[in-house]
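Topology and contacts: notes
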Amino acid sequence: AFNTAKITSIQLPSKLKYIGDYAFGSSALTSIEIPASVQEVGGSAFFTCKSLASVKFNEGLTKMGTSVFYGCESLTTATLPESLVEIPAKAFLRCHKLENVKISSKAVSLGDAVFNDCQSLKSITLPATLKSIGDEEFLSCTSLTSINIPAQVEEIGTSLIAQTGVTTITVDAANKYFHMVGNVL
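Keep in mind the model is a prediction, meaning the values are calculated, not measured.

Here we come to the overall build of the protein. Broken down by element type, the protein carries zero helices and 14 strands. Its helices and strands in sequence order give the protein the pattern β-β-β-β-β-β-β-β-β-β-β-β-β-β, from N to C terminus. Taking 185 residues into account, the globule formula puts the C-alpha radius of gyration at 16 Å, and the protein, at 16 Å, falls close to it. For the protein, the spread of C-alpha atoms along the principal axes amounts to about 55 × 30 × 20 Å. Classification of the 185 residues of the protein by burial places 46% in the buried group. Summarising the internal contacts of the protein: among those between residues at least 6 apart in sequence, 18% fall at separations of at least 24. Surface accessibility of the protein: about 8,800 Å² in total, with carbon and sulfur atoms responsible for 50%. Put simply, the protein has 14 plus and 16 minus side-chain charges, and the middle of one group is 7 Å from the middle of the other.

Below, the discussion takes up the environment of Thr4. If you trace the backbone, Thr4 turns up in the segment before strand S1 (18-19). Between the C-alpha atom of Thr4 and that of Phe24, which follows or precedes it by 20 residues, the distance is 7.0 Å. Apart from the residues within four sequence positions on either side, Thr4 is in contact with Gly25, Ser26 and Ser27.

Turning to the packing of aromatic side chains, a few remarks are in order. For the structure shown, the criterion picks out nine aromatic pairs. Between the aromatic rings of Phe47 and Tyr70, the centroid separation amounts to 5.0 Å while the plane-to-plane angle is 20°, which identifies the pairing as stacked. You can see Phe47 sitting in the loop between strand S3 (40-41) and strand S4 (54-56) and its partner Tyr70 sitting in the loop between strand S5 (63-64) and strand S6 (77-79), a full 23 residues away along the chain. Its relative accessible area of 25% is what places Phe47 among the partly exposed residues. Look at Tyr70 and you get buried, because its relative accessible area is 18%.

Pairing within the open sheet is parallel, and its three strands lie in the order S6-S8-S10. In the strand order of this sheet, the two ends are held by S6 and strand S10 (123-124), each with one partner. When S6 meets strand S8 (residues 100-102), the two strands line up parallel, connected through three bridges. Paired with Thr79 across the strands is Lys102, a residue of S8.

Of the two faces of strand S12 (residues 146-149), only one is covered, namely that formed by Ile147 and Ile149; the face formed by Ser146 and Asn148 stays uncovered. Summarising the sheet, S12 and strand S14 (residues 168-171) pair through four bridges and their orientation is parallel. Paired with Ser146 across the strands is Thr168, a residue of S14.

So, how was this worked out
- Residues numbered from 1 in each chain as written.
- Predicted model: local features only at pLDDT ≥ 70, side-chain atom pairs only at ≥ 80, totals over all residues.
- Heavy atoms only, no water.
- Helix = DSSP H or I, 4+ residues; strand = E, 2+ residues; numbered from the N terminus.
- Rg over C-alpha atoms; globule rule 2.2 N^0.38 Å.
- Buried < 20%, exposed > 50% of the residue type's maximum accessible area, 1.4 Å probe, protein only.
- Contact = heavy atoms within 4.5 Å.
- Areas by Shrake-Rupley, 256 points an atom, 1.4 Å probe, with all protein chains shown as cover.
- Lys, Arg positive; Asp, Glu negative; His and termini not counted.
- Charge placed at Lys NZ, Arg CZ, Asp CG, Glu CD.
- Phe/Tyr/Trp six-rings, centres within 6.5 Å; stacked < 30°, edge-to-face > 60°.
- Pairing = 2+ DSSP bridges.

Written out as structure tokens, the structure reads:
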């Protein structure tokens, strides 16, 4: 719809239910508010919106496609709504300036490479409800120094913290699937 458009802002209709694949891909948007009526955002909807610095989500969003914010180099903060419990693969891949992310306290899964190459990501709190962490989740997150694995995590993909600044991993004592032995997970 607005793929590669030069628009810097837009007010979405309050009754909008779906934002399609590549809807705003490579556009000049600098900020956007996703209305509470939106239940789904399609894959790559904001793909390589290099000027997108701010996204405001409202409760109601239940599904996002893959690579939604892939390459949004100016995005610094993201607070995902409580209604979003599955974070799709590559959602924030290559968001180099992303420093802070708040994930829903009800989230159960992180798809592959959600935060891959988010070089400015300093910290992240994984919710107690999380069960699955995908492959290359924090690959090349060079500013990330620690991570805590919640008690309910049953699955962790490959290269979780490869090429990061992580020096400390803690695993919740109640986790039945993972524990630390010395410095080995």
